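Each chain, written out:
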Amino acid sequence: YWSPPYPTTPNAPATSAGREMENTDLGLKLKSKGFLDHQVSALLDPHRFKVLVWHRRARKTSTALYHLLSHALDPNLRPAIYWFIAPSYRMAKEVVWKDPQMLFRMIPKEMIYGKNEVELTIYLRNPRNLREKGSTIILKGADRPDLLRGSEFQGAVLDEFDIMKEEVWTDIVQPVLRVNHGWAWFLGCVSPDSLIIKKGGIAKIGKNKPGYAPSRE
């Protein structure tokens, strides 16, 4: 079966030297696939919640998608629902669904069980039994927060978090992940108008708190 090149549920070596050796090996595997140093650091960081404040064209969206897929196709995890949230439905469709360099370039074709373009949903095969349906990936828009309520999911990427309404995280995504012990990535750009930086957005979502890791590039 297909498996991600780095473990999403690793059994950490007993010693710090062992952990360093494991991370070095995984980092080399990621670099062999074309990942840059800042991407490797983000992917190997063990925190549940990560804040990526990278400049445009730094591959933050593709890095987060790769992380999401590594969870969705991990044979050691139960099938679950994962969200990719863009500022709007249109942006999710244009940037992630239609872009040939994004989502469908990363998913092995044999692992796609089915898809619904209207709902921007991909049903994956179970990596332990390819005849069964496994995890589901759904692309969402944050421009209509009420449509996001009442759903269950195990992980979420919030792309261009700077321009989203704060309630998308505080009232919708965070409560679900708190119950499910899920994970989230927050993506933003380095700019004078970045809300994550300028208005303390990182602090609002957990800067310097256990379980959070800011990343700058």
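From a predicted model like this one, the values you see are computed outputs, not experimental measurements. (Residues numbered from 1 in each chain as written. Predicted model: local features only at pLDDT ≥ 70, side-chain atom pairs only at ≥ 80, totals over all residues. Heavy atoms only, no water.)

Each helix and strand counted, the protein has eight helices and eight strands in total. Counting only residues that meet the buried cut, the protein has 48% of its 217 residues in that class. Restricting the contact set of the protein to residue pairs at least 6 apart, pairs at least 24 apart contribute 64%. Summed over all atoms, the accessible surface of the protein reaches about 11,700 Å², with 50% contributed by carbon and sulfur. (Helix = DSSP H or I, 4+ residues; strand = E, 2+ residues; numbered from the N terminus. Buried < 20%, exposed > 50% of the residue type's maximum accessible area, 1.4 Å probe, protein only. Contact = heavy atoms within 4.5 Å. Areas by Shrake-Rupley, 256 points an atom, 1.4 Å probe, with all protein chains shown as cover.)

Looking now at the nonpolar core. Of all hydrophobic cores here, the largest spans 37 residues; its most connected members are F84, L103, I107, L139, V157 and W185. Elements that contribute at least two residues to this core include exactly helix 2 (37-44), strand 1 (49-54), helix 3 (60-72), strand 2 (81-86), helix 4 (89-97), strand 4 (121-126), strand 5 (129-141) and strand 7 (183-189). Per element, the largest residue contribution to this core is six residues, and it comes from helix 3. With sequence-adjacent residues up to four places away left out, F84 is seen in contact with T61, L65, L68, V96, I138, L139, K140, V157 and D159. (Core = buried A, V, L, I, M, F, W, Y, C linked by side-chain atoms within 4.5 Å.)

Our focus in this paragraph is the pairing of strand 5. As paired elements, strand 2 and strand 5 share six bridges and run parallel to each other. Its bridge partner being in strand 5, Y82 is matched across the sheet by I137. Bridge count between strand 4 and strand 5: five bridges; the pairing is antiparallel. For R125, the partnering residue across the bridge sits in strand 5 and is K133. Once strand 4 ends, the chain turns through two residues before running back antiparallel as strand 5. (Pairing = 2+ DSSP bridges.)

Mapping V173 onto the fold places it in helix 6 (residues 167-180). Along the backbone, V173 and W83 are 90 residues apart, and their C-alpha atoms lie at a distance of 9.7 Å. Among residues more than four places away in sequence, those in contact with V173 are I85, F153, A156 and V168.

Within this structure, the stated rule accounts for seven aromatic pairs. Taken together, the ring pairs connect F49, F161, W169 and F186 into an aromatic cluster. Over the ring of F104 we find K115; its NZ or CZ atom is 4.7 Å from the centre of that ring. (Phe/Tyr/Trp six-rings, centres within 6.5 Å; stacked < 30°, edge-to-face > 60°. Lys NZ or Arg CZ within 6 Å of the ring centre and 35° of its normal.)

Here we come to unusual backbone geometry. Even without being glycine, L120 reaches a positive phi, approximately 50 degrees. Secondary-structure assignment places L120 in the loop between strand 3 (112-116) and strand 4. Positive phi outside glycine occurs at H181, with the angle close to 55 degrees. Tracing the backbone through its elements, the reader meets H181 in the loop between helix 6 and strand 7.

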